[in-house]
Amino acid sequence: MAVRQAENRWLTSSPEDTRALAARLALGLTAGAVLVLRGDLGAGKSEFARGLARGLDIKGPVPSPTFTILNVYDEGRLPLYHFDWYRVEDAEELEELGVSDYLPGDGVTLVEWAERAEEYLPARRLEVTLIPRGDTEREIALKPLGGFTLRMDGTEEGQC
Ligand SMILES: Nc1ncnc2c1ncn2[C@@H]1O[C@H](COP(=O)(O)OP(=O)(O)OP(=O)(O)O)[C@@H](O)[C@H]1O
Ligand SMILES: [Mg+2]
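Everything quoted here is computed from the prediction, not taken from an experiment.

Novice: Sorry if this is basic, but what is going on with the overall build of the protein here?
Specialist: Check the secondary structure of the protein and you find three helices and eight strands. Along the chain direction, N to C, the helices and strands of the protein fall in the order β-β-α-β-α-β-β-α-β-β-β. Here the C-alpha radius of gyration of the protein, 15 Å, is about what a compact globule of 160 residues would show, namely 15 Å. By the burial criterion, 38% of the 160 residues in the protein qualify as buried.

Structure (structure tokens):
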């Protein structure tokens, strides 16, 4: 179970916890939401993305888009656009994908490794930062920017 440490800061103790927190967050998202997932290799960004997909009722596997740059899921409550810019070397690659159509898009957009092309991010977004605090502990900080409305619907006080 994720434990709330501060208003928008949580501690998870397993990958399942991280997925459950992300799934709860997904319930409160609306079309046009852009989420940026930050954290080092292995921090848990892709686990968070999997939980978020589950929370949007996307049933199948959610592989990392490391080589494809973008994976699109249409079968959930909202479309999910999952980007991983780790392998992006120059902005033209993103232009070819029509990246501005998704930032924001008509569903939920997730970006891993946004550091590669920070200038494409809209001002209104949710920054999600994952920091390892042990082998299986992760601190997860949620920071709404530019008027992003953060709702953690259905969350019991202090737990998720
Ligand atoms: N509390 C936790 N939350 C998330 N992942 C955890 C947690 N505890 C352990 N893990 C493990 O950490 C790893 C996280 O991997 P993941 O692919 O999600 O990282 P990532 O941030 O996407 O890395 P990359 O930048 O390489 O894609 C997984 O092996 C997962 O099992
Ligand atoms: Mg990843």
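Novice: How should unusual backbone geometry be read in this particular structure?
Specialist: Backbone geometry follows two general trends: most residues other than glycine have a negative phi, and most peptide bonds adopt the trans configuration. Leu-103 connects to Pro-104 through a cis peptide bond whose omega is 0°. Relative to the elements of secondary structure, Pro-104 occurs in the loop between helix H3 (91-96) and strand S6 (108-112). For Trp-113, which is not glycine, the phi dihedral falls at a positive 60°. Mapped onto the fold, Trp-113 is located in the loop between S6 and strand S7 (125-132). With 20 C-beta atoms packed within 10 Å, Trp-113 lands in the buried category.

Novice: Before we go on, may I ask you to explain the sheet that holds strand S3 (residues 34-38) in this structure?
Specialist: Within a sheet, adjacent strands bond to each other through the backbone by hydrogen bonds, running parallel or antiparallel. With respect to topology, eight strands assemble into an open sheet ordered S1-S2-S8-S7-S3-S6-S5-S4, the strand pairing being mixed. Either end of the sheet is taken by a strand with one partner, and the two such strands are strand S1 (3-6) and strand S4 (70-73). Geometrically, the sheet is characterised by an average inter-axis angle of 20° between neighbouring strands, direction not taken into account. As judged from the four bridges shared by strand S2 (residues 9-12) and strand S8 (residues 138-145), these two strands associate in the antiparallel manner. Following the sheet pairing, Thr-12 is matched in S8 by Arg-138. Contacting S2 and S8, helix H1 (residues 15-27) crosses the sheet at an angle of about 145° to S2.

Novice: It is not clear to me how the pairing of S6 should be interpreted in this structure. Could you clarify?
Specialist: Each regular strand shows side chains that alternate between the opposite faces of the sheet. Summarising burial for S6: five of the five residues are buried, a large majority. Here S6 shows no split at all, with Val-108, Leu-110 and Glu-112 on one side and Thr-109 and Val-111 on the other all buried. With four bridges joining them, S3 and S6 adopt parallel strand pairing. Its bridge partner lying in S6, Val-36 is registered against Val-111. Bridging between strand S5 (residues 80-84) and S6 involves five bridges; their strand directions are parallel. Among the inter-strand pairings, Tyr-81 is bridged to a residue of S6, identified as Thr-109. With H3 bridging S5 and the parallel S6, this β-α-β connection has right-handed handedness.

Novice: Sorry if this is basic, but what is going on with the nonpolar core here?
Specialist: Inside soluble globular proteins, nonpolar side chains tend to come together where they are buried. Residues Leu-35, Leu-37, Leu-52, Leu-56, Leu-110 and Val-128 are the most contacted members of the largest nonpolar core, which totals 38 residues. Listed by contribution, the elements that provide at least two residues to this core are H1, S3, helix H2 (45-55), S5, S6 and S7. Among all residues touching Leu-52, those that are not within four sequence positions of it are Ala-22, Ala-23, Leu-25, Ala-26 and Leu-110.

Conventions we followed
- Residues numbered from 1 in each chain as written.
- Chains lettered and ligands numbered in written order.
- Predicted model: local features only at pLDDT ≥ 70, side-chain atom pairs only at ≥ 80, totals over all residues.
- Helix = DSSP H or I, 4+ residues; strand = E, 2+ residues; numbered from the N terminus.
- Rg over C-alpha atoms; globule rule 2.2 N^0.38 Å.
- Buried ≥ 20, exposed ≤ 12 C-beta atoms within 10 Å, placed from the backbone.
- Pairing = 2+ DSSP bridges.
- Axes fitted to C-alpha atoms, helices over the stretch in contact; angles between N-to-C directions.
- Contact = placed C-beta atoms within 7 Å.
- Right-handed = clockwise from strand over helix to strand, strands pointing away.
- Core = buried A, V, L, I, M, F, W, Y, C linked by C-beta atoms within 7 Å.

Honestly, that's just the spatial picture; any functional story needs more than this.
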